[in-house]
Amino acid sequence: VQLQACGGGLVQARCSLRLSCEVSGGTLTSYTITWFRQALGEEREFISSLWRGGISTVYADSVKGRFTISRDNAKNTVFLQMNSLKPEDTGVYYCAASARVIVSTRRSQSAYHYWGQGTLVTVSS
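Basis of the calculations
Residues numbered from 1 in each chain as written. Predicted model: local features only at pLDDT ≥ 70, side-chain atom pairs only at ≥ 80, totals over all residues. Heavy atoms only, no water. Helix = DSSP H or I, 4+ residues; strand = E, 2+ residues; numbered from the N terminus. Rg over C-alpha atoms; globule rule 2.2 N^0.38 Å. Buried < 20%, exposed > 50% of the residue type's maximum accessible area, 1.4 Å probe, protein only. Contact = heavy atoms within 4.5 Å. Areas by Shrake-Rupley, 256 points an atom, 1.4 Å probe, with all protein chains shown as cover. Lys, Arg positive; Asp, Glu negative; His and termini not counted. Charge placed at Lys NZ, Arg CZ, Asp CG, Glu CD. Disulfide = S-S within 2.5 Å. Core = buried A, V, L, I, M, F, W, Y, C linked by side-chain atoms within 4.5 Å. Polar contact = N/O pair within 3.5 Å; in protein donor to acceptor, adjacent residues only side chain to side chain.

Scanning the chain from terminus to terminus reveals 0 helices and 11 strands. For the chain, the α and β elements follow one another from N to C terminus as β-β-β-β-β-β-β-β-β-β-β. In terms of overall dimensions, the chain is globule-like: its C-alpha atoms have a radius of gyration of 13 Å, near the 14 Å expected for 125 residues. For the chain, the spread of C-alpha atoms along the principal axes amounts to about 40 × 30 × 25 Å. Across the 125 residues that make up the chain, the buried fraction comes to 43%. Across the chain, the fraction of contacts at a sequence separation of at least 24, relative to all contacts at a separation of at least 6, is 59%. In the structure as shown, the chain presents an accessible area of about 6300 Å², 47% of it carried by carbon and sulfur atoms. Taking the average location of the 13 positive side-chain charges in the chain and that of its 8 negative ones, the two points are 7 Å from each other.

See below:
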């Protein structure tokens, strides 16, 4: 399974971006897809997860109400719509996939077997 993350860029605060994560080599609905973010000098943190099957979603408190995760099964792609961006949203965004992650560990990066290369989001104030 390979993941390709795209859509990062430089935007001003309060603007929007949409990230995409295209999955190849596997059926998208078989995997839980999760976005993580890593700011410079910080540890990678959980942002949002879409449960395999595409029904259940979960968000970090810091992005709840501003970010939306969704999927297009026909395109084998998961999206992260990011609205009302803040400078603290700056970082490299990674998508990750796992067919076996369980609910209690889905916020943990160690639970994921497949990773995209990351896409940089920079939000200026």
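Having seen the structure, we can now continue with the description.
This brings us to the state of the cysteines. With the rule as written, the count across this model stands at 1 disulfide. The disulfide bridge from C21 ends at C95, spanning 2.2 Å between sulfur atoms. With the S-S dihedral at roughly 75°, the linkage between C21 and C95 falls on the right-handed side. With C21 in strand β3 (residues 17-24) and C95 in strand β9 (residues 91-98), the pair connects residues that are 74 residues apart, well separated along the chain. Here C21 and C95 have matching classes, each one buried. You can see C6 has no disulfide; the closest cysteine sulfur is in C95, sitting 8.8 Å from it. For C6, a relative accessible area of 34% translates into the label partly exposed.

All right, on to the nonpolar core then. Within the largest apolar cluster, 36 residues are counted, with the highest numbers of intra-cluster contacts made by W35, F67, L80, M82 and Y93. Residue contacts for L80: discarding those within four places in its chain leaves L17, R18, L19, W35, I47, S48, F67, T68, I69 and Y93.

As for its placement among the helices and strands, T77 is situated in strand β8 (residues 77-82). Classification of T77 by relative accessible area gives buried; the value is 7%. Within the structure, the side chain of T77 is placed 2.7 Å from the backbone oxygen of K75, a separation counted as a polar contact. In this structure, T77 is in contact with S20, C21, E22, L28, S70, R71 and D72, ignoring residues within four places of it in sequence.

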